[in-house]
Amino acid sequence: MAKRLFGTNGVRGIINEDMTSELGLRLGKAIGEFFGGSVAIASDTRVSGDMIKSAVSAGLMAVGCRVLDLGTIPTPAIQYFVKTHDHVSGGVMITASHNPPEFNGIKCIAADGTELHRSDEEQIERKYEEDVPCKPWSEVGTRDEVLGAADSYVDAIVSLVDSEKIRSANLVAVLDCANGASYYTAPLLLSKLNVRAITINANPQGEFPGHPSEPTEENLATLIEITKYANANIGIAHDGDADRTVFITDQGKFVSGDKSLALMAEMAVSKKGGGKVVTPVSSSSMVEDVVVRAGGEVIYTAVGSPVVARKMIDTDAIFGGEENGGLIFPEQQYCRDGAMTAAKMLEYIAKNGSLQDGIDSLPAYFTDKRKLECPAEKREALMEHLKGINASRRTDSTDGLKIIYPDGWALLRPSGTEQIFRIYSEAKDAETAEKRGAYYEDIVKDFLKTRKT
Ligand code: MG
C-alpha cells in the first residue's frame, strides 16, 4: 500500500519543511493524472499560497491538464464552481483551514463538488508514489485565470435564501474574516442582503496580525466586544478558508457550534414539516431533541464532514452538519459552507427576531471533554473491555462506543492517527456530565495500567 498522504482534511504540513514545492509538483502530477481534462485551483490568503499553487499547477500542466485558476476564494466557492461547471473534472484547494500561518495544505475536490472519497485519495497516493511521467512538449497543459467565481458563488447563495425578508429587516452585523479567504465574499454577501456590516480582519495579505483563525470564543474577543458595543443583531466569524461559521448573539454571547447546528436543523425540519438530519455521533442531544420535536429524524455517522455529506446524499437528507460550525445545506451543495451558513442564520433572525432568544429556546445540555494518552497497540483491547462492561446498556458503535443514557451520553473514541483516547460526555447538568467523564476516565486509566498489551 502507498504511504498515506491525505489526512481528514487533505494533505497538510509546515511550509518548506514537509509541505514543499517539490511535494506540490509531484502531487500535482498525480492529481492531474487522476482527474485529467480541466482542473480548477484556488487558494486561501496564506503567504505560501502562491508558491504551493504554482507548484501544483505546474504538476497538473506537466501531465496535460488545463488549469483554471480561480484566485483567492473560500473552499466552498471552488467546490461550487467545480459542481456547476460540467467540463471541469475536479478541483484543488490550497488551504490549511484554521491551522497557524506556517502551515499550508492541498485538498482535492471531486467533479460533483464534494470532498474526494478516501478510495480516490488512495489512488492519488499510489500515483504519487509511482511518480507520474510528464507528457511530451506538445501535450502539456495551459493555465487560465478565471474571474468571477466568487461573485457567482455569492449570487447563488442570495438566490437560495429568503433574501427579500433579510433585506427588509435592516439588520446590522459585525463580521470577522480572520484575514482569510472570505475577505471579499463575506462583505459582498452582506451588502447584497442589505445587512449593514462592520467588518474586521478582512486583510487578504496573509501575514497581517489578526487572531488565530480557529473561531473559538477566546480568539473572537474583539468581535464579541464590537458586537456588544455596536448593538448589532449578530456577530459572524469565519475560519481561514470559510467553510465554517460561528456566531455571536445580539447580547454579545458566543454561540457554540452545537447550538447553531441545532437551531439550523430545527429551521430546516420545521420548514419542510419533517425530514432527515445527518450529524456525527459526537453532536449534542439537543440536535435530536429539536429535530424530533419538529417532526424530523436524526441519522448519526462517524466523525468527519465528508462522511456526513455522503450520508446526506444516500439518505436524501434535508440538512446536516458538525458541531464545529461546519453546516451543509443540500439545496446549495453537499459540503460545509460558511457563507451559506451566515445567510441562513440571517434569514432565521429576519424571521424570528433575536438570536439570543433562539439560543435560549434550545434544550440545555452540558458537555465534558477529556483526552488521555493511549498507545495504539492497546486501542483494540481497550475498546473490547469497554464494550464488555457496557453490554447491558444501550450503545452505538458507529464511531468508537457511544453509551446512551436517559439524560445524555458518553462517547469513548480512540483517535485513528494519534496516540490519544477521547472521552466526551453529555448530561442535562454540568455535575452529571463531569461525573460521567470522570467515571470513564478511571476505567480507561485502570485498564491501561494493568494490561501489558
Ligand atoms: Mg476550514
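Here the structure is shown first, and the text comes after it.
Parameters and conventions
Residues numbered from 1 in each chain as written. Predicted model: local features only at pLDDT ≥ 70, side-chain atom pairs only at ≥ 80, totals over all residues. Heavy atoms only, no water. Phe/Tyr/Trp six-rings, centres within 6.5 Å; stacked < 30°, edge-to-face > 60°. Lys NZ or Arg CZ within 6 Å of the ring centre and 35° of its normal. Helix = DSSP H or I, 4+ residues; strand = E, 2+ residues; numbered from the N terminus. Polar contact = N/O pair within 3.5 Å; in protein donor to acceptor, adjacent residues only side chain to side chain. Contact = heavy atoms within 4.5 Å. Expected span 1.5 Å × (residues − 1). Buried < 20%, exposed > 50% of the residue type's maximum accessible area, 1.4 Å probe, protein only. Salt bridge = Lys/Arg side-chain N within 4 Å of Asp/Glu carboxyl O.

Student: How should the packing of aromatic side chains be read in this particular structure?
Tutor: Inspection of the entire model under this criterion finds four aromatic pairs. Judged by centre distance (5.3 Å) and plane angle (65 degrees), the rings of Phe34 and Phe35 are edge-to-face. Over the ring of Tyr424 we find Lys369, and its NZ or CZ is 4.8 Å from the ring centre. A cation over an aromatic ring shows up here: Arg436 above the ring of Tyr405, its NZ or CZ 4.0 Å from the ring centre.

Student: Mind showing me how you'd approach the side chain of Glu125 here?
Tutor: Within the secondary structure, Glu125 sits in helix H4 (residues 118–130). A polar atom in the side chain of Glu125 sits 2.8 Å from the backbone nitrogen of Leu5. Within the local environment of Glu125, its side chain forms a polar contact with the side chain of Arg118, the two groups lying 3.0 Å apart. When residues no more than four places from it in sequence are discounted, the contact partners of Glu125 are Ala2, Lys3, Arg4, Leu5, Phe6 and Arg118.

Student: Any chance you could explain helix H2 (residues 49–62) here in plain terms?
Tutor: Residues that lie three or four places apart on an α-helix share one face, since the helix turns once every 3.6 residues. A rise of 1.5 Å per residue sets the reference length of H2, with its 14 residues, at 20 Å; its end C-alpha atoms lie 20 Å apart and thus fit the reference within 8%. Of all 14 residues that make up H2, ten are buried, and the element is covered over most of its length. Taken as a whole, H2 has its buried residues at Gly49, Ile52, Lys53, Ala55, Val56, Ser57, Gly59, Leu60, Met61 and Ala62. At its buried positions, H2 is contacted by helix H1 (21–35), strand E2 (38–43), strand E3 (66–72), strand E4 (88–94), strand E5 (103–109) and strand E6 (143–145). With its phi angle positive at about 100 degrees, Gly64 sits one or two positions after the end of H2.

Student: Even after reading the chapter, I still don't get helix H3 (residues 75–84), so can you show me in this structure?
Tutor: Burial within H3 is extensive, with eight of its ten residues counted as buried. Where H3 is buried, its residues touch E2, E3, E4, E5, helix H5 (149–160) and helix H12 (338–352).

Student: Please explain the pattern of salt bridges as it appears in this structure.
Tutor: Side chains that carry opposite charge are capable of pairing whenever their charged atoms lie near each other. Inspection of every chain in the model, using the stated rule, returns 32 salt bridges. Residues Lys228 and Glu225 are paired through a salt bridge, measuring 3.7 Å at the closest nitrogen-oxygen approach. In this pair, Lys228 and Glu225 both sit in helix H8 (residues 221–229), three residues apart, roughly one turn of the helix. Given a relative accessible area of 43%, Lys228 falls into the partly exposed group. Here Lys445 ties to Glu441 by a salt bridge, and the two come within 2.8 Å at their closest N and O atoms. Here Lys445 and its partner Glu441 are both found in helix H15 (residues 430–450), four residues apart, which amounts to about one turn of the helix.

Student: How should unusual backbone geometry be read in this particular structure?
Tutor: Most peptide bonds adopt trans geometry, and most residues besides glycine take a negative phi value. You will see that Asp131, though not glycine, has its phi angle at about 60 degrees, which is positive. Position of Asp131 among the secondary structure elements: in the loop between H4 and E6.

Remember, this is a structural readout, not a statement about activity or role.
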